[in-house]
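# Notes for the structure review
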Amino acid sequence: MKDLVTTIGLEIHVQLRTATKMFCGCAVAFAGEPNSRVCEVCLGHPGTLPVPNEVALEFTTKIALALGCDIARHSIFHRKNYFYPDMPKNYQISQYDIPVGSRGAVDIEVNDTIHTVGITRVHLEEDTGKSLHAGTGGRIHGAEYSLEDFNRAGTPLVEIVTEPDIPSPDVARAFATELRAIMDYLEVSDVRMEEGSMRVDANISVAPTGERGTKAEVKNMNSLRSVYRALVYEEKRQRELIADGGPVDQSTRHWDEKAGVTKPLRSKEEAFDYRYFPEPDLVPIEPSVEWLRQLREEIPELPAERRKRLAVHAGPAAAAVLTSSKMIADFYEETVSAARKADPKQVANLVANDLLGLLAERSLADTAATPAHLAEVADLVAGGDISKSQGNEVLTEVLLSGRAPAEIIAERGISQVSDTSEIEAAVDNAIAENAGVAERITAGEDKPFGFMVGQVMKVTGGRGNPAMINELLRKRLRPEAR
Ligand code: ZN
Ligand code: MN
């Protein structure tokens, strides 16, 4: 049997972070009182006319440029007709045969292999409202009744479609992660998948090398992790079907996060004729050379370039973490310039490991920590004034209260014992208490060394300078090694 090859293409919708909606003056925001941000235009009242949002057009063009697309010198809006309760006009203003951008590409590095993912198109459209189906846990089928919230209707939405160039769920996740970072750096979207401001749909097929597979479209993946899990599941499902000799039928499937499976949607939703036709109420988009030049200049250093630059000092692993969002990368670089003793590598470890670890699910923006705080902690650790774990204790408090590290340290009496005689006494004490272990170390065993360091640390009440403890223990137990 020939090898089976997986082929994945992604379709990603990104809500733009404009102040107002795509074709009216209603505010763009998440959640809020239902139907509190609506007007005649976004409710589709007869006789109203759309007025395009210039900032949305600018953001879309920037996205297309950042993804290496050709920009259409003449593109138009189309009406995509369909009836659904969350669509007040019964058509969505979208783009069809002439999108804003096309034929781009993004390089994704996974496990030292670079995958070039082609961008088929980048187009601008408007979002729909939100339906709330009662009595069924969110599904329309069998709902007792449905409620409509049009706050989201008319929010500017960019659709990005990739070529089927993605060979695995791994690379799909990496692409979505990179795309999210690019949007973040361009400052055009909040890209919060859990709030729906970035939504990823995937087409996936499995087939023997050189043959065409039957693709399944997978929807409802609400995090990067679910994109990966859903595609791993779907890849396995199709491989098993093929191994059993059965065909894979074309279907649209819904990812069920809890059950960890994809389920088919009713196939009726498949063969839809949207009767696209040019939107008669809007003029064509015709960007000038001068405007495009200006937008190109406004595009900041993008994640890939920044990752490369920061890796020189921070190392590739830390650089990947630090550049995942613009805010973290900026925070890191500001901390490096503010630090006097700590070098960039030490700051990178403090930010990428300690700080982000302490943040867990919170965003850096929701804390009171500043680069000056971080630099102060990094300098105190680098100078041996406090230990790394004490540094973390101080950081935890800084994140909560935004108070100055020096103040926290003074108040809590945090200090690192770097006094030689005090540490020597602690070393003597620990060796006396653990004579057997000490002998094994002297005899050449390395394993119990960490245990002894821990014992000395215990005697100092956790305040001993670890570098000094190591040094003194070595002197005492391995004098010949020097
Ligand atoms: Zn409106
Ligand atoms: Mn769309």
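Attention in this report is confined to the structure presented alongside it. From a predicted model like this one, the values you see are computed outputs, not experimental measurements.

### Details of helix H15 (residues 466-477)
Over its twelve residues, H15 runs 16 Å from end to end, which matches the ideal 16 Å to within 8%, given 1.5 Å per residue. For H15, the set of buried residues is Met468, Ile469, Leu472, Leu473 and Leu477. Across the axial projection of H15, the buried residues extend over an arc of 140 degrees, all falling on one side. Residues of H15 that are buried sit in contact with helix H12 (420-433), helix H13 (435-442) and helix H14 (449-459).

### Brief notes about the packing of H12 against H14
Contact geometry for H12 and H14: axes closest at 8 Å, N-to-C directions at 120 degrees. It follows that H12 is oblique to H14 by the angle criterion. Like other packed secondary-structure pairs, H12 and H14 cross with a definite hand, here right-handed. Along its contact with H12, which presents Ala426, Val427, Asn429, Ala430 and Ile431, the element H14 presents Met452, Gln455, Val456 and Val459. In terms of residue class, the contact of H12 with H14 is made up of seven nonpolar, two polar and no charged.

### Some points on the packing of aromatic side chains
Using the criterion set out here, one finds four aromatic pairs in the structure. Considering the side-chain rings of phenylalanine 23 and phenylalanine 77, the 5.8 Å spacing of their centres and the 80 degrees angle between planes classify their relative orientation as edge-to-face. Linking phenylalanine 23 in the loop between strand E1 (4-15) and helix H1 (54-66) with phenylalanine 77 in the loop between strand E2 (70-71) and strand E3 (78-81), this pair joins segments that are 54 residues apart in sequence. A relative accessible area of 5% places phenylalanine 23 in the buried class. Ring centres 5.7 Å apart and planes at 70 degrees place the aromatic pair tyrosine 82 and tyrosine 274 in the edge-to-face group. One end of the pair, tyrosine 82, is in the loop between E3 and strand E4 (91-94); the other, tyrosine 274, is in the loop between strand E13 (261-264) and strand E14 (277-278), with 192 residues separating them in the sequence. Take tyrosine 274: its relative accessible area is 26%, and that puts it in the partly exposed class. Grouping aromatic residues by their ring pairs yields a cluster made of Tyr82, Tyr96, Tyr274 and Tyr276. Between lysine 80 and the ring centre of tyrosine 274, over which it is positioned, the NZ or CZ distance is 4.5 Å.

### Remarks on the side chain of glutamate 397
For glutamate 397, the location among the structural elements is in helix H10 (residues 388-401). Take glutamate 397: its relative accessible area is 15%, and that puts it in the buried class. For glutamate 397, the contacting residues outside a window of four places in its chain are Gly402, Arg403, Ile408 and Arg412.

### Brief notes about the coordination of the zinc ion (ligand 1)
Protein ligation of the zinc ion (ligand 1) involves Cys24 (SG), Cys26 (SG), Cys39 (SG) and Cys42 (SG), the donor distances falling in the range 2.3 to 2.4 Å. Around the zinc ion (ligand 1) sit four donor atoms; with metal-centred angles ranging over 101 to 114 degrees, the donor geometry is tetrahedral. Mapping the donors of the zinc ion (ligand 1) onto the primary sequence gives the spacing C-x1-C-x12-C-x2-C. Taken together, the residues span a long stretch of sequence, with cysteine 26 in the loop between E1 and H1 and cysteine 42 in the loop between E1 and H1 at a distance of 16 residues.

### Description of unusual backbone geometry
A positive phi angle, close to 60 degrees, is found at alanine 31, a residue other than glycine. Its place among the elements puts alanine 31 in the loop between E1 and H1. In this model, arginine 275 sits at a positive phi of 45 degrees, which is unusual for a non-glycine residue. Tracing the backbone shows arginine 275 in the loop between E13 and E14.

### Observations concerning H13
Residues of H13 that are buried include every one of Val437, Ala438 and Ile441, and no others. The buried residues of H13 occupy one face: seen down the axis, they fall within an arc of 100 degrees. Among the structural elements, H12, H14 and H15 are those in contact with the buried residues of H13. Positioned one or two residues after H13, glycine 444 has a phi angle of 115 degrees, which is positive.

### Points about the sheet that holds E3
Ordered in space as E4-E3-E14, the three strands form an open sheet in which the pairing is antiparallel. Where the open sheet ends on each side, the last strands, each with one partner, are E4 and E14. The pairing of E3 with E14 spans two bridges and is antiparallel. Residue pairing in the sheet places histidine 78 in a bridge with proline 278 of E14.

Criteria and cut-off values
- Residues numbered from 1 in each chain as written.
- Chains lettered and ligands numbered in written order.
- Predicted model: local features only at pLDDT ≥ 70, side-chain atom pairs only at ≥ 80, totals over all residues.
- Heavy atoms only, no water.
- Helix = DSSP H or I, 4+ residues; strand = E, 2+ residues; numbered from the N terminus.
- Expected span 1.5 Å × (residues − 1).
- Buried < 20%, exposed > 50% of the residue type's maximum accessible area, 1.4 Å probe, protein only.
- Arc of directions from axis to C-beta.
- Contact = heavy atoms within 4.5 Å.
- Axes fitted to C-alpha atoms, helices over the stretch in contact; angles between N-to-C directions.
- Parallel < 35°, antiparallel > 145°, perpendicular 65-115°, else oblique.
- Left-handed = near helix turned anticlockwise from the far one by under 90°.
- Nonpolar A, V, L, I, M, F, W, Y, C, P; charged D, E, K, R; others polar.
- Phe/Tyr/Trp six-rings, centres within 6.5 Å; stacked < 30°, edge-to-face > 60°.
- Lys NZ or Arg CZ within 6 Å of the ring centre and 35° of its normal.
- Donors = N, O, S within 2.8 Å, 3.2 Å for Na, K, Ca; no water.
- Tetrahedral: all angles 85-135°; square planar, octahedral: opposite > 155°, others 65-115°.
- Pairing = 2+ DSSP bridges.

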